[in-house]
Amino acid sequence: MIKRIAPDKWKHFFVGILMGIVLQVGAEVVFPGRTLTATLLALALVVAISYGFELLSLVTGRGHYDIMDAVASIIGGIAGMLLGLGIYRWQFQF
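The structure presented is a predicted model; accordingly, all values stated were derived computationally and were not measured.

1. Looking at the side chain of Lys 9
So, point 1. Take Lys 9: it is sitting in helix α1 (residues 7-30).
So, point 2. Of the polar contacts made by the side chain of Lys 9, one reaches the side chain of Asp 66; its length is 2.7 Å.
So, point 3. When near neighbours in sequence (up to four residues on either side) are disregarded, Lys 9 contacts Asp 66, Met 68, Asp 69 and Ala 72.

2. Some points on the nonpolar core
So, point 1. Among the nonpolar cores identified, the biggest contains seven residues, and these are Met 19, Leu 23, Ala 27, Ala 38, Ala 42, Val 46 and Met 81.
So, point 2. Of all the elements in the fold, those that place two or more residues in this core are α1 and α2 (35-60).

3. Quick notes on the packing of aromatic side chains
So, point 1. A full pass over the atoms with the stated rule returns four aromatic pairs.
So, point 2. Look at Trp 10 and Phe 13: their rings are 5.8 Å apart centre to centre, the planes differ by 90°, and that puts the pair in the edge-to-face class. Placement of both Trp 10 and Phe 13 in helix α1 is noted, with a separation of three residues, approximately one turn of the helix.
So, point 3. Looking at Trp 10, the relative accessible area reads 39%, which means it is partly exposed.
So, point 4. When its relative accessible area of 21% is taken as the criterion, Phe 13 is described as partly exposed.
So, point 5. Aromatic side chains Trp 10 and Phe 14 sit 6.0 Å apart centroid to centroid with 25° between the ring planes, which places their arrangement in the stacked category.

4. Details of the confidence of the model for the chain
Any residue range with low pLDDT should be treated as having predicted coordinates unsuitable for detailed reading.
So, point 1. Residue-level pLDDT values for the chain average 91, and 97% of them are 70 or greater.
So, point 2. Helix α3 (residues 67-92) is the least confidently modelled element of the chain, averaging 93 in pLDDT, while α2 averages 95, the highest of any element.

5. So, α2
So, point 1. Over its 26 residues, α2 extends 37 Å from the first C-alpha to the last, a length consistent with the 38 Å expected when each residue adds 1.5 Å.
So, point 2. Within the sequence span of α2, burial applies to Ala 38, Ala 42, Val 46, Ser 50, Glu 54 and Ser 57.
So, point 3. Buried residues along α2 sit against α1 and α3.
So, point 4. Phi turns positive one or two residues past the end of α2, at Gly 61, with a value near 80°.

6. Observations concerning the environment of His 12
So, point 1. Relative to the helices and strands, His 12 is located in helix α1.
So, point 2. Contacts of His 12, omitting those with residues within four sequence positions, involve Glu 54, Asp 69, Ala 72 and Ser 73.

7. Remarks on the pattern of salt bridges
So, point 1. Counted according to the given criterion, the structure contains three salt bridges.
So, point 2. Residues Asp 69 and Lys 9 are paired through a salt bridge, measuring 3.0 Å at the closest nitrogen-oxygen approach. Highlighted residues: Asp 69 in helix α3 and Lys 9 in helix α1, separated in sequence by 60 residues.
So, point 3. Connected through salt bridges with shared partners, the residues Asp 8, Lys 9, Asp 66 and Asp 69 form a single ionic network.

Reading the values: rules and limits
Residues numbered from 1 in each chain as written. Predicted model: local features only at pLDDT ≥ 70, side-chain atom pairs only at ≥ 80, totals over all residues. Heavy atoms only, no water. Helix = DSSP H or I, 4+ residues; strand = E, 2+ residues; numbered from the N terminus. Polar contact = N/O pair within 3.5 Å; in protein donor to acceptor, adjacent residues only side chain to side chain. Contact = heavy atoms within 4.5 Å. Core = buried A, V, L, I, M, F, W, Y, C linked by side-chain atoms within 4.5 Å. Buried < 20%, exposed > 50% of the residue type's maximum accessible area, 1.4 Å probe, protein only. Phe/Tyr/Trp six-rings, centres within 6.5 Å; stacked < 30°, edge-to-face > 60°. pLDDT = per-residue confidence, 0-100. Expected span 1.5 Å × (residues − 1). Salt bridge = Lys/Arg side-chain N within 4 Å of Asp/Glu carboxyl O.

Given below as structure tokens:
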């Protein structure tokens, strides 16, 4: 059975893409030539930030805690990391 994806999940997905791009390019700048290290660091930060915001909503009672929001952000973050890696390689590695 195919379900429609809720509009708020799309927002988290697109924010995850931007977050993934920024974190991947930033990690590539900090660790030049170490793609695996940069990628693992960016992935760890994407997961920590995505789940951290949801956990903060749960603890403080402000906002709406939904683990699927974090999952959508992480999926978007991984897509953004791929885009960020491509952008970095295209601009700085010939």
